[in-house]
Amino acid sequence: ILAWSLGAALLAVLWHRLVLRPGAVWPPLSAFGWYLLEAFKLSLMLAILSWALVALFGVATSAAPNLMFNFFWIFALAVSTVATWLWLRFGLILPAAAIGDDDMTMVTSWFETEDAARSIFALAVLQGAMWSAIGAFDAWSRWTGAEFFLWPIPVLLGLAALSVLYRDLETRQSSGA
């Protein structure tokens, strides 16, 4: 898991630098470390929220186990969507870390993405549906190896969205809007 996380972070940093700073692709080691720290903070926050929602769902359905079975996929989609939406709203800290912008915080990211919140939510629903579909076919995808081809799709979609949102932020800041 550690090797996968480090490799994914390196690829994400390289992606953001390629898109946001063409010609300056290879990052300094500090950008990579900063990205890992920011990604860890954001992941930890969302993991705690997701665990709380799952626990709440477990308590709510413990009296009626059939209810849990019937609503599990709807619940999984809802949690995936909310977590992805929050990730994208707070996530501008990630491309900022990749290019060395130390001024971006999670709070700043939240306010800077306010105008795009509805579009980000639509993307989060799409990504949540993708994650739920991958989860629904988990046994099949692990058996066939398709998991390794399926999971990058929502991940790359999220990376691209963060780069576009950050580029939009830079454009607005440079134009004084």
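Up top is the structure.
Residues numbered from 1 in each chain as written. Predicted model: local features only at pLDDT ≥ 70, side-chain atom pairs only at ≥ 80, totals over all residues. Heavy atoms only, no water.

Novice: In this structure, what is going on with the overall build of the chain? I would like to understand it.
Specialist: Scanning the chain from terminus to terminus reveals nine helices and zero strands. Walking the chain from its N terminus toward its C terminus, one meets helices and strands in the order α-α-α-α-α-α-α-α-α. Out of the 177 residues belonging to the chain, those deemed buried represent 36%. Considering only intrachain contacts with a sequence separation of at least 6, the fraction spanning at least 24 residues in the chain is 70%. (Helix = DSSP H or I, 4+ residues; strand = E, 2+ residues; numbered from the N terminus. Buried < 20%, exposed > 50% of the residue type's maximum accessible area, 1.4 Å probe, protein only. Contact = heavy atoms within 4.5 Å.)

Novice: Quick question: what am I supposed to make of the pattern of salt bridges here?
Specialist: Pairs may arise between side chains of opposite charge once their charged atoms sit close together. Within the structure shown, the criterion is met by four salt bridges. A salt bridge links Lys-41 to Glu-38; the shortest N-O distance between them is 3.4 Å. Taken together, the residues span about one helical turn, with Lys-41 and Glu-38 both in helix H2 (residues 29-61) at a distance of three residues. Given the relative accessible area of 37%, Lys-41 is considered partly exposed. Glu-112 is the partner of Arg-172 in a salt bridge, and the nearest nitrogen-oxygen pair spans 3.5 Å. Remark: Glu-112 occurs in helix H5 (residues 106-112) and Arg-172 occurs in helix H9 (residues 152-175); sequence separation between them is 60 residues. Among the residues examined, Arg-172 registers a relative accessible area of 26% and is labelled partly exposed. Glu-112 gets classed as partly exposed once you look at its relative accessible area, which sits at 25%. Counted as one network, the salt bridges with shared partners bring together Glu-112, Asp-168 and Arg-172. (Salt bridge = Lys/Arg side-chain N within 4 Å of Asp/Glu carboxyl O.)

Novice: Just to check I follow, could you spell out the packing of aromatic side chains for this structure?
Specialist: Given two aromatic rings, their pairing is described by the distance between the two centres and the angle made by the two planes. Scanning the model with the defined rule gives three aromatic pairs in all. Look at Trp-85 and Trp-110: their rings are 5.4 Å apart centre to centre, the planes differ by 80 degrees, and that puts the pair in the edge-to-face class. Of this pair, Trp-85 sits in helix H3 (residues 65-90) while Trp-110 is found in helix H5, placing the two residues 25 residues apart along the sequence. The class of Trp-110 is partly exposed, set by a relative accessible area of 25%. Aromatic rings pair up to connect Trp-85, Phe-90, Trp-110 and Phe-121 into one cluster. (Phe/Tyr/Trp six-rings, centres within 6.5 Å; stacked < 30°, edge-to-face > 60°.)

Novice: Whenever I open this one, the side chain of His-16 confuses me. Can you help?
Specialist: Its place among the elements puts His-16 in helix H1 (residues 2-20). Excluding residues within four positions of it along the chain, His-16 makes contact with Arg-21, Tyr-35, Leu-94, Pro-95, Ala-98, Ile-99, Leu-159, Leu-162 and Ser-163.

Novice: Would you take a moment to explain the nonpolar core for this structure?
Specialist: In globular proteins that are soluble, nonpolar side chains generally tend to be buried together. The biggest cluster of nonpolar side chains holds 29 residues, and the ones touching the most others in it are Tyr-35, Leu-42, Leu-88, Leu-92, Leu-94, Met-104 and Tyr-166. What Leu-94 contacts, discounting residues up to four positions off in sequence, is His-16, Tyr-35, Glu-38, Ala-39, Leu-42, Trp-87 and Leu-162. (Core = buried A, V, L, I, M, F, W, Y, C linked by side-chain atoms within 4.5 Å.)

Novice: Help me understand the side chain of Arg-89, please; the structure alone is not making it clear to me.
Specialist: Position of Arg-89 among the secondary structure elements: in helix H3. When near neighbours in sequence (up to four residues on either side) are disregarded, Arg-89 contacts Ser-109, Trp-110, Thr-113, Glu-114, Ala-117 and Ile-120.

Novice: Which parts of the structure should I look at to understand a nonpolar patch on the surface?
Specialist: Together, Phe-40, Leu-44, Ile-48 and Trp-51 make up a nonpolar patch on the protein surface, roughly 480 Å² of accessible area in all. Along the polypeptide, Phe-40 turns up in helix H2. (Patch = residues over 30% accessible without salt bridge, like charges linked within 9 Å, V, L, I, M, F, W, Y side chains within 5 Å. Areas by Shrake-Rupley, 256 points an atom, 1.4 Å probe, with all protein chains shown as cover.)

Novice: Would you mind showing me how to read the environment of Asp-102 here?
Specialist: Tracing the backbone shows Asp-102 in the loop between helix H4 (93-99) and H5. Sequence separation of Asp-102 and Ala-31 is 71 residues, and the distance between their C-alpha atoms is 9.8 Å.

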